[in-house]
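# Examining the three-dimensional arrangement
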Amino acid sequence: MVCLPGPSSSPSDSVSATMRRKLTTSLLSIGVFVLLAASFSFHVSRDFLPPAALNPATLTQPIDRLMNHAVHELPASLRRLQSPLPMDSVLLPDWEVLLLLPLNSSSAAAGGAKLFCLFHTGATSPALLAGPSSFRCSLPNSVRRVRPFYTPRLSGATSEAAPSRGQEDPPREMIRWSTRLTYESLSTAHDVIVFAKSVNHRQGIGRPAAGLRCVFSPVSGGGPVAWTIATSSAQEVFRCPHPPAADLSSAVPMRVSLATEPEAAPIPTVASYRTPRVQETDSKALPGRARVCACTMVYNVAKFLPEWVAYHAGVGVGRFFLYDNGSEDELDAAVSRLGSEGFNVTTRYWPWPKTQEAGLSHCAAANRDACEWMAFLDVDEFVFSPAWADSDRPDRSMMGSLLAVEPEVGQVSIRCLEFGPSGHRAHPRLGVTQGYTCRRRKEQRHKSVVRLDAVAHSLVNSVHHFRLREGFRTRWAAAGQARVNHYKYQAWDEFKAKFRRRVSTYVADWKETTNLGSRDRAPGLGSEPIEPRGWAGMFCEANDTLLRDATHKWFSAAGPGGAHRMVWQH
């Protein structure tokens with residue numbers, strides 16, 4: 001068989017075939033790339049859509065279906081929270097968002113409804129009540145990747161359709177707590193006190209007041225309408241005269257901020273400005289003015305509060321002012337129960353981290369007409385005099401006896417004795433005064449009872465004492481006259497809560513590795529919340545049962561089966 005040659009092929013035909021194969025491969029590659037890019041863009045855009053893209057008027061499907069999130073209209077009980085005034089929000093540490101309702105709104109309108117913070121990406125997180133006019137929620141992980149952060153909207157979990165956002169103002173950018181911010185204000189009869197962070201950076205070193213201005217602007221925007229020159233600048237507290245009434249409209253809600261340079265724009269603010277109070281002619285003669293009050297900043301102290309209030313009320317404290325630093329326990333219920341038992345306890349929501357000095361300054365200025373003297377204590381601190389130990393019952397003149405001082409004395413400072421765990425591994429059932437009886441021998445720190453009309457105009461304080469006006473002085477209580485039992489080193493499960501965050505502006509958090517030798521720290525503890533070996537027996541240098549025995553005699557009663565119960569046990 002003869003094999004005949006096939007048809008010949010030229011070199012040009014081979015090149016053409018190769019080019020066709022390469023072109024087909026390139027087109028397929030481009031098509032696959034486009035499909036992959038489109039898929040990636042779709043998934044990423046769900047978290048990175050700009051606010052305008054979320055306007056349902058530009059979409060063909062309802063926003064809740066497109067975003068696959070539960071977005072619903074506020075229930076009827078919350079619709080009055082809707083306002084032409086925009087809401088603000090502050091991003092606090094640990095990704096916590098504080099959502100501030102419009103001025104004159106009240107979160108009490110929630111009526112128990114389940115609420116969410118709805119972010120501009122469509123992500124949500126549960127919204128929890130935080131004081132009378134604010135909510136707090138956590139910034140979702142998906143939103144943490146988006147810049148800038150925008151103020152969320154308050155949303156109710158109902159079955160109604162989502163409201164249109166087409167007629168709403170664009171969302172405001174969230175304010176970062178780490179930046180300069182005017183966060184509170186207080187109007188007195190004579191001036192406005194402004195609280196602002198990151199203006200004076202170091203304790204004892206502040207900007208000259210003459211270079212600062214308080215700036216007053218409508219909440220709705222439009223720029224400043226008035227400003228006044230500061231008269232005081234110290235720590236995070238600034239004082240300015242009120243603007244002339246003619247410059248303001250009583251019908252327009254106002255904000256106040258601080259400008260740090262003559263031509264500089266005011267720093268961001270969430271502080272509302274209110275017109276001054278009516279001036280009292282003689283605060284000393286005001287009806288119902290308490291001789292002695294107590295003020296403290298608190299976080300999750302509901303189980304400790306009844307003992308602290310009952311004891312100090314028994315020895316003469318007439319009113320209690322609590323600055324709630326974001327509690328997540330049953331504080332409101334505890335305060336309500338104390339009120340029903342006849343104790344005068346007032347709570348003010350103060351969510352701002354590490355602002356203890358500013359909070360105490362606010363308390364001193366806000367309650368000058370309500371109290372003559374104010375004891376600035378923590379809830380684990382109890383004022384006691386050894387002379388009281390022989391009394392059969394507490395007497396409401398006891399605290400007053402410590403304040404029987406010369407007219408020029410503006411504060412009485414009392415040294416502290418620090419108690420340790422005293423062998424306890426859990427919170428003592430009968431309370432701290434009954435359970436912790438072993439302490440360090442040497443006195444540590446001090447706390448003060450301050451005459452409010454003697455406090456300096458600047459309101460400067462170190463938590464332990466206040467600066468006084470010229471002509472007043474501090475008197476130190478002798479060790480045998482008075483002391484503060486400080487139940488500082490409690491059972492480990494209670495003590496480790498201190499690692500969350502210290503409340504003082506100028507004290508390093510215990511999780512930080514700076515200033516490890518400070519007296520504010522637990523000796524030898526370090527910067528990690530890890531229980532040291534032998535913690536239950538630490539800080540035990542002297543057995544001290546004076547206050548335990550006195551409070552058992554004053555506040556205990558026989559319970560069922562003959563067991564003793566303290567009056568603060570529920």
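Quick look at the structure, then.

What counts and what doesn't
- Residues numbered from 1 in each chain as written.
- Predicted model: local features only at pLDDT ≥ 70, side-chain atom pairs only at ≥ 80, totals over all residues.
- Heavy atoms only, no water.
- Salt bridge = Lys/Arg side-chain N within 4 Å of Asp/Glu carboxyl O.
- Helix = DSSP H or I, 4+ residues; strand = E, 2+ residues; numbered from the N terminus.
- Buried < 20%, exposed > 50% of the residue type's maximum accessible area, 1.4 Å probe, protein only.
- Core = buried A, V, L, I, M, F, W, Y, C linked by side-chain atoms within 4.5 Å.
- Contact = heavy atoms within 4.5 Å.
- Phe/Tyr/Trp six-rings, centres within 6.5 Å; stacked < 30°, edge-to-face > 60°.
- Lys NZ or Arg CZ within 6 Å of the ring centre and 35° of its normal.

For the structure shown, the criterion picks out 21 salt bridges. A salt bridge links Arg136 to Glu96, with the nearest nitrogen and oxygen atoms 3.5 Å apart. Of this pair, Arg136 sits in strand 5 (residues 134-138) while Glu96 is found in strand 2 (residues 96-100), placing the two residues 40 residues apart along the sequence. For Glu96, a relative accessible area of 22% translates into the label partly exposed. The residue Glu381 makes a salt bridge to Lys447 at a minimum N-O spacing of 2.7 Å. A residue pair is termed long-range when its members are at least 10 positions apart, and Glu381 in strand 20 (residues 381-384) and Lys447 in strand 23 (residues 444-451) qualify at 66 residues. In this structure, Glu381 and Lys447 share a single accessibility class: buried.

A separate point is the nonpolar core. Nonpolar side chains in soluble globular proteins tend to end up buried together. Residues Leu305, Trp308, Tyr311, Trp388 and Met399 are the most contacted members of the largest nonpolar core, which totals 52 residues. No other element matches helix 3 (residues 305-314), which puts 6 residues into this core. Residue contacts for Leu305: discarding those within four places in its chain leaves Leu322, Leu331, Val335, Leu338 and Val379.

Under the counting rule described, the total for this entry stands at 25 aromatic pairs. Consider the rings of Trp308 and Phe320, whose centres lie 5.6 Å apart with planes at 65 degrees: the pair is edge-to-face. Separated by 12 residues along the polypeptide, Trp308 in helix 3 and Phe320 in strand 17 (residues 319-324) bring together distant segments of the chain. Here the aromatic rings of Trp492 and Phe495 are separated by 5.9 Å at their centres, their planes lie at 40 degrees, and the arrangement is tilted. Within this pair, Trp492 and its partner Phe495 are both found in helix 8 (residues 492-495), separated by 3 residues, close to a single helical turn. Among the aromatic residues, ring-to-ring pairing joins Tyr311, Phe382, Phe419, Tyr436, Tyr487, Trp554, Phe555 and Trp568 into one connected group. Across the ring face of Trp177, the terminal group of Lys197 is positioned such that the distance to the ring centre comes to 5.0 Å. Seen from the ring of Trp227, Arg213 lies directly overhead, with NZ or CZ sitting 4.9 Å from the centre.

What is shown is where atoms sit, not what they do.
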